Amino acid sequence: MPTLAEKYELLGCIQCGRCTAGCPVALRTFLNVRKLVYEGVTGPGPKDAKERPEAWNCTTCSTCTERCPKGVKPMELLIGLRGAAIEKGRVGPTIRDALESTFKHGNPWGRIRDKRMEWAEELDVPVAADGEAVPLLYYVGCTPAYDPRCQDIARSLVRVFSAAGVPFSTFGTAESCCGNEIRRMGEEGLFELLVEGNRELLDSHEIGTIVTSSPHCMNTFKNEYGDLGCEVVHYSQYFDRLLDEGKLSFGGSVEKKVTYHDPCFLGKHNDVFDPPRRVLECVPGVTFVEFDRSRERALCCEGGGGRMWVEAEEERGERLADTRVKDAVALGVDLLVTACPFCLMTLDDAVKTSGSEGKIEIIDLAQLVAEAL
Amino acid sequence: MNEILVLTEHLNGEFRDITFEMLTKARSLADAGGGKVAAVLFGSGVGDLAEKLTLLADEVLVSDHGSFANYNSAVYQPVLAEVVKSRGSSLVMIGHTAFGVDLAPSLAVALEVPLATDVIDVKHDGGAFTAMRQIYGGKINEEVGFGGAAQVMVTVRAAAFPPEEASREGSVVELGVDVPEEPALRRFVEYVEAAIGDVDITKSEVVIAVGRGIREEENMAMIEELAELLGGVVACSRPIVDAGWLPKDRQVGSSGKTVKPKLYVAVGVSGQFQHVSGMKSAETIVAINKDPKAPIFSAAHYGIVGDLFKVLPVLKEKIGELRA
Amino acid sequence: MNIVVCVKRVPETAEADLKIASDRKAIDEEGLAFQINESDNYALEQALLIKEDLGGEVTVLTAGPEASEEVLRMSMAKGADTAVRLADDAFADGDAVATAQALAASIKEMEYDLVLTGCMASDDGATAVGVALAELLGVPHATYVVEMEIADGKAVVGRELEGGLVEKLDMKLPAVVTIQTGINEPRYASIMGIARASKREITLKSASDLGLAAAVVGAEGSRTQILGLDYPPVGEGAEILEGTPAEASGKLAQVLKEKGFA
């Protein structure tokens, strides 16, 4: 049995503390990733996340891993601790339910597969036929498919594709969870099962480009699924391209002051910072104000890493999403624009909990673009 | 048919409603089929209860014995089995209650008679009984036959048959059957009342109930807001209590509380029978559910078929507008 | 403590639109997701908790088609030691008592102290197999159990009655206990755990293995028959307020106002 140090290559750690110093949740939870690495280096370390429940507070934003000067990956250790708890079945009911739902229904939201295209009810959304070649595949994602707030992201995307005259297809109700959050939660077996099923589906079509609503889907397809034989982009990158190629133009305008929140999985994980900004600059009427904590320093909203299904462990202080919303309000903007369904949901919830109702609105970039068409 | 035998159910000196409901149906079936109704009463010191039954049945069969002081199916079963066997009753009716469910299947095995449980209707046609019950949480009705058996047994769903008064002149018969001592194999220990929390939902005029449709604990806030807006309390169906989001004393239903408020709003509640039984007497019942076929719509007076996450925010707005 | 847990594989139907098959004897299962019956899952968890506390073995038992083996594998992944499937066409389409006959014959071959099963199956809602099983095994039973303590060859259980009242009973083991949901918090079975469990043997038992005549089990052995399925009558209930969420809410708000609630 490899030790934690062996499994996660922890021995390079010099205990400099840059990881914990950059960890967004270290401010408000008991998560001390430097200490966990220390335990793994100096001894057998903790057995699983049940022993160290703060491991569930990690949002897998990867700041720790980016900042480590020695190439140690503390985030992988945390995911490993989660995985060990999962293998013993010792996880809270909300996590259990999300995982079981993904296995049964192909989405973590407890909804049946048959209703996965409900968001498209009033639209004419093409579904790829068996084996059909798909030049542009729109991978909707579980959250835009089922969550009422995020369904508008999917509808907006469809409207933009139509306006740009770009033919596209979806997989309809055959689409299943990409598994990004499943992997971050540590359920490696379920992740591999999803990859197997998704690859079979993807490989059975000749695909040109996969465009995703969510940076999470983009992240795993691009980096963890192996060679799919096609390009994988987030819609912000695709819109950027459409604008560049002159295929998208705006008929209206949005006379609003806006700021942009970099989703961790788009920015920190995949270095996509400029395309969303370029798209924003193209929307007529928009005045753009940058956050102080922007780009690589963007403040994680705490929606990723399985956090949507984690009941918070011993929190103290303000939720990061609340801070983010308050910071946006302080910037004097009307709209806080983001490009990720989880960011949208957590920031939108934070508008209420931070007492900012009426002062700011959260909107997805796709919705903003669709509005200005 | 010769007779319909109804096992009456009582607790703390009072008959439970199921007793009157079953007897009403029994009378209706017996009258149409040329048979009689025999009510069975087991208990300890139940003389006055026996009297009440004489209006409702043709015969009241009583066994008054200390062993029946507290319900124990291990004591009821051998005695009832003997009664049913010796009388050859065509139909035996037992309530589909915690009490009845604990007894009927083992009794049916011992007597080797067919059993249909949780029935919502019983018919007698051409000399044979059939029963109607529900499956898949009330989404489908299932008609059950008994293969022409001479004796059949059913457990009856609460409130399936509206109770009616009657003025029979039933005779009370002391059953001379041997009643066993409570066996060591299975002994009653005590009843434990549910702890009473800070809110007594049975006392509120407005109850907003939430079910599985709410999906996550975080979303409960929406329900609380609606309750506050309408001046009511928050209640729930069983899954919410199982998940630990609300304490047991907020549960409405057969294993929870029965409420009779002026207004009952069921949000994301499917309306399975176990829940509906606890609120169907509310004056005005409103249901909000995505599924047009959800059983709750049969129990409600008004319904909105829609996504509660879309409806609730707008509803709150509209109520606010009307108030202004 | 040797515990037998009887489990059933059922379709998840809460959100699904159900269609009755053309023969009117069953529903169309196409597109439905299957899982372990909810209260059986709680029963399994209870058995595993008792095993962790008192030692012993947990055997998980089902009467069903080959597809039900996925429930047995999941149970083994969670910690069940042995799995048995009653595999025989003769067992098919049995009513509650006929199913209990098959289960009883299998359990009689085992050394057991306790049989646990869910109080009710979410598909047929019979609420009868556990109690019928107890009678066939000749052991005491208790239903709707929400609390349980095992000590000195006895089980002290709390049964949930109407109104939240709990009835405490004391039973000598062996006994059959049917478990109500909410008694515990079931654990998770990981995919890798289930994959490992797939390599373990599931004992198959046919009717003749158990010395059962076909006439006693399955459809042939059932004293009740399904005559036909139908959709419950709709529309006798609520006045549906039509329109978009905004329109419908507006109508509802009006109704509430008229009744003095808004």
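Residues numbered from 1 in each chain as written. Chains lettered and ligands numbered in written order. Predicted model: local features only at pLDDT ≥ 70, side-chain atom pairs only at ≥ 80, totals over all residues.

Caption draft 1: Representation of the nonpolar core within the structure. Counting 263 residues, the largest nonpolar core has V6(B), A39(B), V40(B), L41(B), M93(B), V5(C) and L133(C) as the members making the most contacts within it. With 9 residues, the single largest contributor to this core is helix α3 (residues 96–108) of chain C. Once residues lying within four places of it in the same chain are set aside, the contact partners of V5(C) are A43(C), L44(C), A47(C), V58(C), V60(C), L61(C), A80(C), L116(C) and T117(C). Listed in part, the 53 residues of the second largest apolar core include F297(B), A300(B), I304(B) and V311(B). (Core = buried A, V, L, I, M, F, W, Y, C linked by C-beta atoms within 7 Å. Buried ≥ 20, exposed ≤ 12 C-beta atoms within 10 Å, placed from the backbone. Helix = DSSP H or I, 4+ residues; strand = E, 2+ residues; numbered from the N terminus. Contact = placed C-beta atoms within 7 Å.)

Caption draft 2: Broad picture of the packing of helix α10 (residues 308–323) of chain B against helix α6 (residues 245–258) of chain C. Axis separation between α10(B) and α6(C) bottoms out at 8 Å; the angle between their running directions is 45°. Our classification of the angle between α10(B) and α6(C) gives oblique. The handedness of the crossing between α10(B) and α6(C) is right-handed. When α10(B) is examined against α6(C), the residues K310(B), V311(B), V314(B), L315(B), K318(B), I319(B) and L322(B) are found in contact with a partner set consisting of P245(C), A246(C), A248(C), S249(C), G250(C), L252(C), A253(C), L256(C) and K257(C). Split into classes, the residues belonging to the contact of α10(B) with α6(C) amount to 11 nonpolar, 2 polar and 3 charged. (Axes fitted to C-alpha atoms, helices over the stretch in contact; angles between N-to-C directions. Parallel < 35°, antiparallel > 145°, perpendicular 65-115°, else oblique. Left-handed = near helix turned anticlockwise from the far one by under 90°. Nonpolar A, V, L, I, M, F, W, Y, C, P; charged D, E, K, R; others polar.)

Caption draft 3: Structural detail: the environment of M308(A). Residues and elements named next belong to chain A. Within the secondary structure, M308 is located in the loop between β5 (287–288) and α14 (320–331). C-alpha separation for the pair M308 and P108, spaced 200 residues apart in sequence, amounts to 9.9 Å. Residue contacts for M308: discarding those within four places in its chain leaves G303 and F342.

Caption draft 4: Structural detail: the interface of chain C and chain A. Contacts between the two partners involve 16 residues from chain C, matched on the other side by 20 residues from chain A. By residue number, the principal contributor to the side of chain C that touches chain A is helix α5 (residues 191–197) of chain C, which donates 4 residues. Partitioned by chemical class, the residues of the side of chain C that touches chain A number 7 nonpolar, 4 polar and 5 charged.

Caption draft 5: Quick look at the domain arrangement of chain A. All names here are of chain A. As assigned here, chain A comprises domain 1 (4–87), domain 2 (94–243) and domain 3 (250–371). Just the C-alpha atoms count here: the centres of domain 2 and domain 3 sit 22 Å apart. Each side of the interface is counted separately: domain 2 has 32 residues, and domain 3 has 30 residues. For the side of domain 2 that touches domain 3, the elements supplying multiple residues, two or more each, are α6 (93–105), α7 (142–146), α8 (151–163), α9 (180–185), α11 (215–224) and α12 (235–244). A per-class count over the side of domain 2 that touches domain 3 returns 14 nonpolar, 11 polar and 7 charged. (Domains from an automatic or database assignment.)

Caption draft 6: Focus on the pairing of strand β3 (residues 231–234) of chain A. Residue and element names in this part refer to chain A. Bridging between strand β2 (residues 207–212) and β3 involves 4 bridges; their strand directions are parallel. For I210, the partnering residue across the bridge sits in β3 and is V232. With respect to chirality, the unit in which β2 leads through α11 into the neighbouring parallel β3 is right-handed. (Pairing = 2+ DSSP bridges. Right-handed = clockwise from strand over helix to strand, strands pointing away.)

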